[in-house]
Amino acid sequence: MTEIDLTALDAALDALPKRFPGPGGVAGVMKDGKVIARRAWGHANVDTGVPMTAGTRLPICSISKQFTCQVLLDAVAEPERLAARLPDYLPAFTGALPTIAQLCANQSGLRDYWALTVLHGAFAEQTFRREDALPLIARMKTGHFAPGTAYSYCNCNFRIVSELIETETGTPLETLYQRHIWGPAGMKTAVLTSDTRHPADGVVGYEGSAVAGFFPADNGIFWIGDAGISASLDDMLAYEGWIDATRDDAASPYRKVSVPPVFADGTPASYGYGLAHETIAGVRFTGHAGALRGFRAQRLNAREERLSVVVIFNHEASTHAAAESLIRAALGQPEPTPAPLPEGWEGQWMAPDGLITRLVPGRSAAALAYATGGETVTLQPDGSLGAPGVTLRAQDGGMVMQRAGDNTAAAL
């Protein structure tokens with residue numbers, strides 16, 4: 001096991017408020033099942049001056065997906081038999097329907113229902129009620145790709161899974177979270193806050209920046225299964241401790257969802273059962289990010305190293321970058337200095353799926369915008385630009401984007 005550099009870790013934690021400025025945040029690190037460092041800073045509500053604490057409950061957003069998948073595998077004896085009910089939710093669908101495992105791996109090819117609301121003329125600030133989701137999903141006729149052949153992040157997958165779980169068990173999802181995870185893990189204050197207009201503890205999420213200023217974000221969507229859980233830093237560290245304590249139990253819920261995922265053709269995938277699989281500083285981690293207007297969250301666990309990191313902000317800075325900085329500090333590995341970028345990369349291209357791909361270079365890295373999120377790519381030894389899961393290569397006056405995690409490669 002690697003020795004932890006506590007001095008460097010403390011310095012990295014102290015640097016988070018300045019490196020990722022915003023109204024407030026929390027962060028904690030565990031090693032060998034014990035909390036070795038944690039911080040809370042800033043305000044949960046700027047207007048009222050309520051301080052952020054380790055006990056403040058914050059939306060963990062899409063981190064909720066792994067809880068839903070753990071409940072699925074723990075509470076339903078044969079999850080795949082639930083696929084027989086998928087035609088009830090997708091009556092107009094003309095292609096092959098996915099398996100339950102493909103829904104949980106974002107390999108269904110289904111279209112994200114929140115994105116579909118925009119195509120139907122909705123605004124982000126509108127209220128999107130629980131009862132609005134299923135009629136919208138039911139109108140879907142085609143997907144992006146055949147199930148199991150590629151990856152596309154889709155909240156709709158986990159919304160359908162949560163409906164299937166509740167129908168099968170006859171039990172509300174929040175009760176199942178409590179029974180199968182929150183209770184055993186000692187998450188004493190975790191709660192399902194599906195209505196994003198009313199977060200727990202009066203916490204406020206903020207949009208904006210240190211330059212432009214911060215202002216309260218306006219959320220109106222109802223989540224269940226795909227997001228919705230609110231938990232404190234203390235809750236999340238208890239969860240990480242439970243994961244560590246059950247790390248050698250093949251029947252433990254987290255071990256069951258952390259099995260390495262694959263595509264239908266056997267190609268290794270990087271996402272399954274609500275968990276992303278990635279390598280940071282040479283160490284393999286499982287975890288997930290969370291994002292809602294005004295909030296960002298990230299948790300990562302390295303089973304072999306018995307190292308866990310949790311970071312949550314009530315603003316929109318990168319919690320993944322913050323978590324990675326803590327991991328590198330703890331392991332005594334300095335963050336790499338990217339090489340300067342050559343000329344000629346800046347621009348935008350049209351992908352075959354109709355999405356714009358935009359690349360905005362800086363001095364030593366570039367911001368890549370594609371699909372639902374942004375990535376920071378840096379110059380690689382072979383002259384390409386890359387980040388975990390994506391490689392960009394100039395070719396014939398255009399660009400080829402290979403996304404190993406999505407099992408795709410496209411000329412732009």
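Just above, that's the structure.
Chemist: Explanation requested: helix α6 (residues 130-138) in the structure shown.
Modeler: For an α-helix, 3.6 residues make a turn, and residues three or four places apart therefore share a direction. Looking only at α6, the buried set comprises Ala 133, Leu 136 and Ile 137. In a view along the axis of α6, the buried residues occupy a sector of 95 degrees, so they form one face of it. Buried residues belonging to α6 abut α3 (86-89), α5 (113-119) and α7 (155-169).

Chemist: What am I meant to see in empty space enclosed by the protein here?
Modeler: To find leftover empty space, one rolls a probe the size of a water molecule over the atoms. Applying the stated criterion to the full structure yields two cavities of 30 Å³ or more. Estimated volume of the largest cavity: approximately 90 Å³. In terms of lining, the largest cavity is formed by 14 residues, of which the most central are Pro 59, Thr 193, Thr 196, Ser 230 and Leu 292. The class makeup of the residues in the lining of the largest cavity is eight nonpolar, five polar and one charged.

Chemist: Any chance you could explain the pairing of strand β15 (residues 356-361) here in plain terms?
Modeler: A regular strand places its side chains on the two faces of the sheet in alternate fashion. Pairing analysis gives four bridges linking strand β14 (residues 347-350) to β15, with the strands arranged antiparallel. Following the sheet pairing, Met 350 is matched in β15 by Ile 356. The turn joining β14 and β15, which pair antiparallel and follow one another in sequence, is formed by five residues; a positive phi near 90 degrees is taken by Gly 354.

Chemist: Help me out: how do you make sense of the pattern of salt bridges in this one?
Modeler: Oppositely charged side chains can pair when the atoms bearing their charge come close. The full count for this structure, using the stated rule, is 27 salt bridges. With a closest N to O distance of 2.9 Å, Arg 39 and Asp 14 form a salt bridge. Of this pair, Arg 39 sits in strand β2 (residues 34-45) while Asp 14 sits in helix α1 (residues 6-19), placing them 25 residues apart in sequence. A relative accessible area of 23% places Arg 39 in the partly exposed class. As a salt-bridge pair, Arg 57 and Asp 201 come within 2.8 Å of each other at their nearest N and O atoms. Separated by 144 residues along the polypeptide, Arg 57 in the loop between β3 (50-51) and β4 (58-59) and Asp 201 in the loop between β5 (191-192) and β6 (206-209) bring together distant segments of the chain. Classification of Asp 201 by relative accessible area gives partly exposed; the value is 41%. If you follow the salt bridges from partner to partner, you end up with Lys 31, Asp 32, Asp 244, Arg 247 and Arg 306 in one network.

Chemist: Can you help me understand the environment of Pro 268 in this one?
Modeler: When you line up the elements, Pro 268 lands in the loop between α10 (253-257) and β9 (271-272). By relative accessible area, Pro 268 is classed as exposed at 62%. For Pro 268 and Ala 200, which are 68 residues apart along the polypeptide, the C-alpha to C-alpha distance reads 38 Å. Beyond its immediate chain neighbours, meaning those up to four positions away, Pro 268 contacts Pro 261, Val 262 and Phe 263.

Chemist: I keep staring at the packing of helix α8 (residues 173-185) against helix α9 (residues 233-245) and nothing clicks. Help me out?
Modeler: The geometry of a pair of packed helices is captured by two quantities: the angle between their axes and the separation between those axes. Taken N-terminus to C-terminus, the directions of α8 and α9 make an angle of 95 degrees; their axes are 8 Å apart at the nearest point. Put simply, α8 runs roughly perpendicular to α9. From α8, His 180, Ile 181, Pro 184 and Ala 185 reach across to α9, where they touch Ala 238, Tyr 239 and Trp 242.

Chemist: Is there a simple way to explain the state of the cysteines in this structure?
Modeler: Joining two cysteines, a disulfide is a covalent bond between their sulfur atoms. Applying the stated criterion across every chain, the model contains zero disulfides. In this structure Cys 154 is not part of a disulfide, and its nearest cysteine sulfur, from Cys 156, lies 4.5 Å away. Cys 156 gets classed as buried once you look at its relative accessible area, which sits at 0%.

Chemist: Help me understand the sheet that holds β5 in this model?
Modeler: In a beta sheet, neighbouring strands pair by backbone hydrogen bonds and run either parallel or antiparallel. Judged by pairing direction, the sheet is antiparallel, and its three strands sit side by side in the order β4-β8-β5 without closing on themselves. In the strand order of this sheet, the two ends are held by β4 and β5, each with one partner. Sheet topology note: the β5/strand β8 (residues 229-231) ladder contains two bridges and is antiparallel. By the bridge assignment, Leu 192 is partnered in β8 with Ile 229.

The rules behind each value
- Residues numbered from 1 in each chain as written.
- Predicted model: local features only at pLDDT ≥ 70, side-chain atom pairs only at ≥ 80, totals over all residues.
- Heavy atoms only, no water.
- Buried < 20%, exposed > 50% of the residue type's maximum accessible area, 1.4 Å probe, protein only.
- Helix = DSSP H or I, 4+ residues; strand = E, 2+ residues; numbered from the N terminus.
- Arc of directions from axis to C-beta.
- Contact = heavy atoms within 4.5 Å.
- 1 Å grid on protein atoms, 1.4 Å probe; cavity = no way out; pocket = protein on both sides within 12 Å on 5 of 7 lines; lining within 4 Å.
- Points joined across faces, edges and corners; volume = space filled by probe spheres on them.
- Nonpolar A, V, L, I, M, F, W, Y, C, P; charged D, E, K, R; others polar.
- Pairing = 2+ DSSP bridges.
- Salt bridge = Lys/Arg side-chain N within 4 Å of Asp/Glu carboxyl O.
- Axes fitted to C-alpha atoms, helices over the stretch in contact; angles between N-to-C directions.
- Parallel < 35°, antiparallel > 145°, perpendicular 65-115°, else oblique.
- Disulfide = S-S within 2.5 Å.

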